[in-house]
Amino acid sequence: MADAGGLMPRRVGEVVATASTSFVAQCYRLDGAPPQGSFVRTGSSWVYGVVCRVSTEPLDPSRPVLARGESASSEEEVFRDNPQLARLLTTRFDALIAGHRTGDECRHFLPPLPPPVHSFVYACSPAETAQFTNRLDFIHLLLNSGIPVVDEVVGACLRAAAGAQPDGAGFLVRAGRALASELAGDVPRLNSILRRVAP
Amino acid sequence: MTGGSQGRFLGVVVDGSLAHGVEVRLDAGTSVEEVKAGAFVTIQGSGHRFFGVVTDIALGSTDPRLKHAPPGMDDPFITQVLQGTVAYGTVSVLPNLVMPVALGDAVETPVAAKTIPPHFARTHAASERDVAAVFGNEDERHFWIGNPLDMEAKVCLDLDELVKRSIGVFGKSGTGKTFLTRLLLVGILQGGQASSLIFDMHSEYGWGAHDSDGKRFAKGLKQLFPSRVSTFTLDEESSRRRGSSTDDVVRIGYGDIEPEDVEMLRETLNMSEVAASAAFNLQQKFGQRHWMSQFLNMEGRDAIFDLAAQIQVQPHALGALYNRLTRLKRFEFLAEKSERNAADRIIEHLERGQHVVLEFGRYGRNLTAYMLVTNLLSRRIHGRYVERKEQAEGGQGRDPRPLVIVIEEAHKFLSPAIAPQTIFGTIAREMRKYNVTLMVIDQRPSGIDSEVMSQLGTRLTCLLDNERDIEAVLSGTPGGRQLRGVLARLESKQQALIFGHALPMPVVIHTREYGSLESYAQLVKRAPGRQPHQGTETPEERLEREIAELF
């Protein structure tokens, strides 16, 4: 399959838990998650997701993280003085499945199967993001995901997509209208999302 | 709007019914401000292309909360997104016609729509070409009366249909009724379908006159078509002062006045019914030719009371009749004896194919004089036409040439109380059979008998704002309810709503220019292929002419 971005996308982690509508990926680097609302894509299964939750936790849940910087003069110094921290902590992110790709076609509905565990996860390049967001049907999948902060995610996602599109302002109007038809009966909610994406 | 085959895209059909028209939801890219009531649209159904008119424009929203808590509109982005999506415009369209499949096909013409377009049918603004296909091109049968709003296409009236039935021209004072009537008269004159007899109350059709604002001077018919228009006057002095060249002066003898004429003047002369009907008794006693002169020559109260006893009428009623009729003596056009019969001379001119304008001069300001003369002359002409038509049916002579009688202040003649009695009520109801129709010009159509209104074939109305007047004009018109809004929003000058037999569907027009040198030149120019009409022709002659034209 051709590289959609023209550049090799950046690999950020690996799928560690998976379900029909979302997957969890563990990052290779501490704090190495793509930003909320950005598009990611799994390796061979070509499932696209939108980052909806990023968390950094101890690898061993029985050993909670303790505050260590009382005498440090900067935040960097805390990690410098405790080099083991990078090994004891891990960053994970959840991604809502926004569609998948079969052949050259982007499909804005759920794949038949979720991406397998240990699939590589790549952050989409701007070109790939632009290509995937040429159509806007994925907004429906996001809005109906049922997660608590979905409005934030949709807002962040549209902002990210607009940044990747050649005509960002035009894209936002188009996306806004798609949102409006989804939320036709709930104008206050529509309005609150629009305020988040307004250029 | 473009001259191409299709105008700009407006939106899609989302609702509707045949009775009330369809609702078109405007596309997000179209602002409600770009659509005007009265504009034409085409709707592409799956099998037919519909042609309709915008009757109403509304705002809608998907969420009822929107109007209680409008979102902040300070952000242009949010405004841009919400407009046309959750807050949108709709237009109501009355699909009047189904267009022929191939435009420009001379055989197929638009026909009345008996169904409506389906859901999501795409709606476009009508192009110039669509409008021309519906309202025809100017030719010998079609007269260009004006243009649709904001369009260059011409709206043309079918003159044959126009003169076949009575015509109504309505509108408030100063909205352009006179200009519209002048145009109609030029159309009828140029088309040659009929003669016209104009009872010119304010002396503005025959010779030129200033418009009601006194700003513009408009030429009259006699100036434009000197050889085809004859002007008669009741007030020689006034005509001379205005420089109007008149062909003849009308004098009416007492012997021509009939009791029916007196009865019709009851309201303007402020007479009781008993007093007015005493005229019939007088007619019986003295005979038609002499009742009035003999009665008015009586002197003294006692003589009148004696006469009352003889003819069995209440003395006071007869006294009142005497009083009122004495007032008529002031009219200089009335004479005890008139050598030449005015009605006969007018009929002579009409039969020669001339158009006759009767100027009232100073008597135009006197409603009694106007009503008396119009009623009297029309009755005579009516009688003659009935006679001629019956003769023609019996195989003797020709059909009388169709005639359009133009009267102003029509509600005075055609009010429900007197319409059944006056000659105009009769003409409006049944004279079509005898080739006579009316053109009524009025500012209070609600005062006209509804039976007469229902007989008007074509109605042209300038701005009206009285509810009852609007109701009266639109009564009995399909889609009348939808046209109300259009009518109430006409501009006060040079705009008119036209509907009826002479054109395929109701239309708001910007009236054609009348008053500039260029407009006169255009009006006087004969349309290509138009034959001058010489008098009337028998059915055989017509058949021969038509055969000759065919081959």
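From a predicted model like this one, the values you see are computed outputs, not experimental measurements.

A. Quick peek at the overall build of chain B. Looking only at helices and strands, chain B has 22 helices and 23 strands in total. Its C-alpha atoms give chain B principal-axis dimensions of about 90 × 65 × 45 Å. Within the span of chain B, comprising 551 residues, buried residues form 48% of the whole.

B. How the structure looks around the interface of chain A and chain B. Listed per partner, the contact involves 16 residues of chain A and 14 residues of chain B. Every element with two or more residues in the side of chain A that touches chain B is listed here: α6 (168-182) and α7 (187-197) of chain A. Tallying contributions element by element places α6 of chain A first for the side of chain A that touches chain B, with six residues. For the side of chain A that touches chain B, the residue count by class is 10 nonpolar, four polar and two charged.

C. Main features of the packing of helix α5 (residues 150-164) of chain A against α7 of chain A. Residues and elements named next belong to chain A. Put simply, α5 and α7 touch, their axes get as near as 8 Å, and they point 40° apart. One way to sum up the angle between α5 and α7 is to call them oblique. Along this stretch, α5 crosses α7, giving a crossing that reads as right-handed. Packed against α5, whose contacting residues are Asp 151, Val 154, Gly 155, Leu 158 and Arg 159, the element α7 presents Arg 189, Ser 192, Ile 193, Arg 196 and Val 197 at the interface. A breakdown of the residues in the contact of α5 with α7 according to their chemical character gives four nonpolar, two polar and four charged.

D. Region of the structure containing the pairing of strand β4 (residues 47-58) of chain A. Residue and element names in this part refer to chain A. As paired strands, strand β3 (residues 39-42) and β4 are joined by three bridges and run antiparallel to one another. Looking at the pairing, Val 40 lines up with Gly 49 of β4. Judged from the 11 bridges that link them, β4 and strand β5 (residues 89-102) form a sheet pairing that is antiparallel. Considered in β5, the bridge of Gly 49 is made with Ile 97.

E. Representation of the nonpolar core within the structure. Among the nonpolar cores identified, the biggest contains 208 residues, and Val 50 of chain A together with Ile 407 of chain B are the most heavily contacted of them. In this structure Val 50 of chain A touches Gly 37, Phe 39, Ala 95, Leu 96, Ala 98, Leu 142, Val 153 and Cys 157 of chain A, once residues within four positions along its chain are discounted.

F. Main features of the domain arrangement of chain B. When its domains are assigned, chain B resolves into domain 1 (9-135), domain 2 (157-241 + 353-541) and domain 3 (254-330). The straight-line distance from the C-alpha centre of domain 1 of chain B to that of domain 3 of chain B is 64 Å.

G. Inspection of the environment of Val 508 of chain B at higher detail. Of note, Val 508 of chain B is situated in strand β23 (residues 507-511). Val 508 of chain B has contacts with Gly 38, Pro 148, Leu 149, Val 486, Leu 490, Gln 495 and Leu 497 of chain B, leaving out every residue within four places of it along the chain.

H. Region of interest: the sheet that holds strand β9 (residues 155-158) of chain B. Residue and element names in this part refer to chain B. Spatially, 12 strands are ordered β9-β8-β23-β22-β21-β10-β20-β19-β11-β18-β14-β15 in an open sheet, and the strand pairing comes out mixed. Each edge of the open sheet carries a strand with a single partner, namely β9 and β15 (248-249). Bridge count for strand β21 (residues 456-461) against strand β22 (residues 495-500) is four bridges, and the pairing is antiparallel. Its bridge partner being in β22, Thr 458 is matched across the sheet by Gly 500. Along the sheet, helix α17 (residues 423-430) contacts β10 (166-170), β19 (403-408) and β20 (436-442); its crossing angle with β20, the most-contacted strand, is approximately 115°.

I. The packing of helix α12 (residues 301-311) of chain B against helix α13 (residues 315-327) of chain B, seen in detail. All names here are of chain B. Where α12 meets α13, the axes come as close as 9 Å, and the angle between the chain directions of the two elements is 125°. Judged by the inter-axis angle, α12 sits oblique to α13. Judged by the twist between their axes, the crossing of α12 over α13 is right-handed. Residues Ile 304, Phe 305, Leu 307 and Ala 308 of α12 touch α13, and the partners they reach there are Pro 315, Leu 318, Gly 319 and Tyr 322.

J. The confidence of the model for chain A, seen in detail. Here chain A shows a mean pLDDT of 91. Residues at 70 or above account for 96%. The low-confidence segment residues 1-6 of chain A (pLDDT under 50) makes eight contacts with residues lying over four places distant or belonging to another chain.

K. Representation of the pairing of strand β11 (residues 195-200) of chain B in the model. All names here are of chain B. Counting buried residues in β11 gives six out of six residues, a clear majority hidden from the surface. Taken together, the four bridges between β11 and β19 define a ladder with parallel strand orientation. Considered in β19, the bridge of Ser 195 is made with Leu 403. Of the strand pairs in this sheet, β11 and strand β18 (residues 355-359) are connected by four bridges, and their pairing is parallel.

L. Spatial organisation of unusual backbone geometry. One non-glycine residue, Trp 46 of chain A, adopts positive backbone phi at about 50°. Position of Trp 46 of chain A among the secondary structure elements: in the loop between β3 and β4. Trp 46 of chain A sits in the partly exposed class, given 19 other C-beta atoms within 10 Å. Of note, Phe 120 of chain B is a non-glycine position whose phi angle comes to about 65°, a positive value. Looking at the secondary structure, you find Phe 120 of chain B in the loop between β6 (111-112) and β7 (122-125). The class of Phe 120 of chain B is exposed, set by 11 C-beta atoms lying within 10 Å.

Reading the values: the criteria
Residues numbered from 1 in each chain as written. Chains lettered and ligands numbered in written order. Predicted model: local features only at pLDDT ≥ 70, side-chain atom pairs only at ≥ 80, totals over all residues. Helix = DSSP H or I, 4+ residues; strand = E, 2+ residues; numbered from the N terminus. Buried ≥ 20, exposed ≤ 12 C-beta atoms within 10 Å, placed from the backbone. Contact = placed C-beta atoms within 7 Å. Nonpolar A, V, L, I, M, F, W, Y, C, P; charged D, E, K, R; others polar. Axes fitted to C-alpha atoms, helices over the stretch in contact; angles between N-to-C directions. Parallel < 35°, antiparallel > 145°, perpendicular 65-115°, else oblique. Left-handed = near helix turned anticlockwise from the far one by under 90°. Pairing = 2+ DSSP bridges. Core = buried A, V, L, I, M, F, W, Y, C linked by C-beta atoms within 7 Å. Domains from an automatic or database assignment. pLDDT = per-residue confidence, 0-100.

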